[in-house]
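Structural description and commentary
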Amino acid sequence: MFKFLKEKLKQWTEKVAKSPKEEKSETKPEEKISKKPKKGIALKQLGTDLDAALRGEIFGHEPKLEDRENEKELPKSFFQRIKEKTGKIKISEDEFDRYRDELELLLLENNVAFEVSDRIIKELKSRIVGRELLKNGIEGEIKNALGDIISEILVKPFDLLERVIESEKKPFVILFFGINGSGKTTSIAKIAEFLKSRKIKCVLAAADTFRAASIEQLKEHGENIGIPVIAHEYGSDPASVGFDAINYAKKNRADCVLIDTAGRMHTEKNLIKEMEKISKVCSPDLKIFVGESITGNDATEQARIFNESIGIDGLILAKSDIDEKGGTALSVGFVTKKPILFLGTGQKYSDIEPFDKNKFLDKLGL
Ligand SMILES: Nc1nc2c(ncn2[C@@H]2O[C@H](COP(=O)(O)OP(=O)(O)OP(=O)(O)O)[C@@H](O)[C@H]2O)c(=O)[nH]1
Ligand SMILES: [Mg+2]
């Protein structure tokens, strides 16, 4: 996870910070003279044309003849000249804007939704433009600013175990929902196992009465983990399955009920209404949206609509082990303003890890 985004952010910050002298050896002299990148063109060649992007000309300075004759080398970049004069650097709005498109593109390419990338860029601009940055410290300053911004976007997750233990209402009811195949049932089994290993007595409710074999799937998990599963017939009312599971838990002094539901597209109004009914009947203490890390912008839209209709208290992002981009976490966190509680990291019961903001930033290299 995050491999691409981390690499691209690294390239971008290096590019903004790097001096042309360091880069000289990377490009043949004739290429340097002939390239005249214009805003937008050079920026589109993400990570491939460091030399052009950092040359004086990208800051609006065409290489002058006398520069070349005097120095017998390329004109110095804006950064290089300022560094030499003052030991400090001030990035102007204009200069920042020349790198803006590129940052935006790399964020979008890595599943960061447009509104989130827009926010990140505006914030970054307000934090670094016009500020005196220390010589040799630009890269670190930009990384720190990006890290702070992303950290502010992500809501700090709460401790699920603590919530269950401290709840006065017994059983503590958790409702899981999301689109088809996102990883709901698997995530429920993982959470059930996690809670059971911490001495929390759980009951599973097979409220997906729609998809073929869904009840058997949950029953199999229940058997493997050693947790009772309450189920009705296929086609029966999912809300009543949840209700019965809660009553069973009350009678058997179970601490927690985990309700599995059928996958539904956020665009299917009737199915969203059905979900609202399940929620009303079962009065869950937590409503957890399970999204797929790999779906990118789709997951963002799904989370937004589920949040508006049913209300989300926390999120699980399944399949983060097969997501090399990582931007979905940022996007769903931003649009819902709700915490990501866990990342699904594989298909085994133990393949789930509590979401940790600092670890996330570490993985991004920030
Ligand atoms: N690699 C990986 N695969 C996962 C993860 N979580 C779930 N899966 C796989 O994703 C597929 C779908 O998982 P389910 O748990 O059945 O998804 P669901 O949302 O319950 O599906 P429906 O009930 O059909 O809507 C299965 O093959 C799971 O093994 C994960 O974190 N990583
Ligand atoms: Mg399922």
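Overview of the structure.

Conventions used here
Residues numbered from 1 in each chain as written. Chains lettered and ligands numbered in written order. Predicted model: local features only at pLDDT ≥ 70, side-chain atom pairs only at ≥ 80, totals over all residues. Heavy atoms only, no water. Salt bridge = Lys/Arg side-chain N within 4 Å of Asp/Glu carboxyl O. Helix = DSSP H or I, 4+ residues; strand = E, 2+ residues; numbered from the N terminus. Buried < 20%, exposed > 50% of the residue type's maximum accessible area, 1.4 Å probe, protein only. Pairing = 2+ DSSP bridges. Right-handed = clockwise from strand over helix to strand, strands pointing away.

Moving on to the pattern of salt bridges. Counting across every chain of the model gives 18 salt bridges. Note that Arg100 is salt-bridged to Asp118, the shortest N-O span being 3.3 Å. Residue Arg100 is located in helix H8 (residues 93-109), and its partner Asp118 is located in helix H9 (residues 114-128); the two are separated by 18 residues in the primary sequence. Neither Arg100 nor Asp118 differs from the other in exposure class; each is buried. Each of the salt bridges in this network shares a partner with another, and the network as a whole consists of Arg100, Glu104, Asp118 and Lys122.

Judged by pairing direction, the sheet is mixed, and its eight strands sit side by side in the order S5-S4-S6-S3-S7-S8-S9-S10 without closing on themselves. In the strand order of this sheet, the two ends are held by strand S5 (229-230) and strand S10 (352-354), each with one partner. Relative to S5, strand S4 (residues 202-207) is paired through two bridges, and the arrangement is parallel. Note that in S5 the partner of Ala205 across the bridge is Ile230.

The next thing to look at is the pairing of strand S9 (residues 340-344). Judged by how many residues are buried, S9 sits mostly within the fold: five of five residues are covered. As defined by bridge partners, strand S8 (residues 314-318) adjoins S9 across three bridges and the pair is classed as parallel. Among the inter-strand pairings, Leu315 is bridged to a residue of S9, identified as Ile340. Once the chain exits S8 it traverses helix H17 (residues 327-336) before rejoining the sheet at S9, and the crossover so formed is right-handed. Here S9 pairs with S10 via three bridges, running antiparallel.

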